[in-house]
Amino acid sequence: MGAVTTRRRSPGRTTPPETRTKPHEPTWRAKLRRDWPLLVMNLPMLLIVVAFWWVPALGNVIAFQDYNPYTDGILGSPVIGFTNFALLFQDPQFIRAITNTLSITAFQLVFYFPVPILLALLLNSIVSAKLRAFVQGVVYMPFFFSWVLVIAVFQQMFGGAGLLAQTLRQHGHEGVDLMTNSDTFILLLTSQTIWKDAGWGAIIFLAALSTIDPNLYEAAAVDGARRWRRMWHITLPGLRPVIVLLLILRLGDALNVGFEQFMLQRSAVGSEASEVFDTFVYWSGIRTGDLGYGAAAGLFKGVVGLLLIIAANRVAHAFGERGVYSRS
């Protein structure tokens, strides 16, 4: 028999790694042939967004013009640069509107934002399906009421001739009119918002609760965890991504606290307490006809909202949350 020779691998020699080829990236033509039904299906909505959002957004150019819609128009109005923005920060009404808006936003973040979460936890803990459906219907209903109706209801309850004032007078006390008290206006606003919107806001958190695996609760109960422990270690971590997402969106919408709610109560409490950003744009831009000045205020609001969303989203990424968007 011939000697069988074996080739030994030297200790310092390694085999070259296998070359891995990346999957072939399809061209844009291939993607178009593959996805054209989806593109056609989304085309009507895309046209609506372009026609009613992007094209009107080009009108923000009047914020940098001495705009006169009746004689010059957009093309003929002289460009004045950032003059409108400089006038904004010299206007004491604008500063007051910004201060009131941020104060209301901060107050409602503390006293309104947790209410839908607590309401969702309460509804989720109701065992009876019929009782849960009844309670949900009751708390959802005010969302469909207009602000005119909501304020009328509060007027009948807390106004000078309302139920609370009449009850106090019948018992020998002086009646109160909370609807015209500018010092407690922020409490009144938050109460109205909670009554109207908390039930509807709880829907998102109820949907998030339905995605939590029930086996986690069963395993925790077997290990001896009580209800509060299960809520703290299972329910709230399951809700955390949704809470962070809605908190970021609310921070980005910090300068938008509503319009109708304040306009309807402006005459009762005065402009000192009810002047917010949206009402300032209406009174100083639309009512006076100074559309360039109002456009400057609106553009400032949009830029600040964008910056707040980006900053809040980065903070969410720093804490390990996905946020509104994340890099792929």
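Look a little higher up for the structure.
Our subject in this report is the structure included herewith. Worth saying up front: this structure is predicted, and the values here are computed from it rather than measured. (Residues numbered from 1 in each chain as written. Predicted model: local features only at pLDDT ≥ 70, side-chain atom pairs only at ≥ 80, totals over all residues. Heavy atoms only, no water.)

Check the secondary structure of the chain and you find 16 helices and 0 strands. By the compact-globule yardstick of 20 Å for 328 residues, the chain is too spread out, its C-alpha radius of gyration being 29 Å. A burial count over the chain gives 29% of its 328 residues as buried. Counting only carbon and sulfur atoms, one obtains 65% of the accessible surface of the chain, whose full area is about 22300 Å². Taking the average place of the 27 positive charges on the side chains of the chain and the average place of its 20 negative ones, the gap between the two points comes to 19 Å. (Helix = DSSP H or I, 4+ residues; strand = E, 2+ residues; numbered from the N terminus. Rg over C-alpha atoms; globule rule 2.2 N^0.38 Å. Buried < 20%, exposed > 50% of the residue type's maximum accessible area, 1.4 Å probe, protein only. Areas by Shrake-Rupley, 256 points an atom, 1.4 Å probe, with all protein chains shown as cover. Lys, Arg positive; Asp, Glu negative; His and termini not counted. Charge placed at Lys NZ, Arg CZ, Asp CG, Glu CD.)

Of all hydrophobic cores here, the largest spans 18 residues; its most connected members are I117, A120, F205, L206, L209, L239 and I243. For this core, the secondary-structure elements that each account for two or more residues are α5 (114-124), α9 (185-209) and α11 (227-252). Within the second largest apolar cluster, 16 residues are counted, among which are Y67, A97, F280 and A295. (Core = buried A, V, L, I, M, F, W, Y, C linked by side-chain atoms within 4.5 Å.)

With 28 residues, helix α16 (residues 291-318) ought to run about 40 Å at 1.5 Å a step, and its terminal C-alpha atoms sit 41 Å apart, in line with that. A positive backbone phi angle near 85° is found at G320, which sits one or two residues after α16. (Expected span 1.5 Å × (residues − 1).)

Here we come to α9. Helix length check: α9, at 25 residues, gives a terminal C-alpha distance of 34 Å against a target of 36 Å (1.5 Å per residue), a fit within 8%. For α9, the principal kink sits at D197 and spans about 50°. (Bend = angle between axes of the 7 residues up to and from the residue.)

The full count for this structure, using the stated rule, is 5 salt bridges. Two residues, K196 and D197, come together in a salt bridge whose shortest N-O distance is 3.8 Å. For K196, a relative accessible area of 8% translates into the label buried. For D197, a relative accessible area of 19% gives the class buried. (Salt bridge = Lys/Arg side-chain N within 4 Å of Asp/Glu carboxyl O.)

Quick look at the packing of helix α3 (residues 83-90) against α16 now. At a closest axis distance of 9 Å, the pairing of α3 and α16 adopts a crossing angle of 80°. Classed by the angle they form, the pair α3 and α16 counts as roughly perpendicular. On α16, the residues touching N84, F85, L87, L88 and F89 of α3 are G292, Y293, A296, A297, L299 and F300. Looking at the contact of α3 with α16 residue by residue, the class counts come to 9 nonpolar, 2 polar and no charged. (Axes fitted to C-alpha atoms, helices over the stretch in contact; angles between N-to-C directions. Parallel < 35°, antiparallel > 145°, perpendicular 65-115°, else oblique. Contact = heavy atoms within 4.5 Å. Nonpolar A, V, L, I, M, F, W, Y, C, P; charged D, E, K, R; others polar.)

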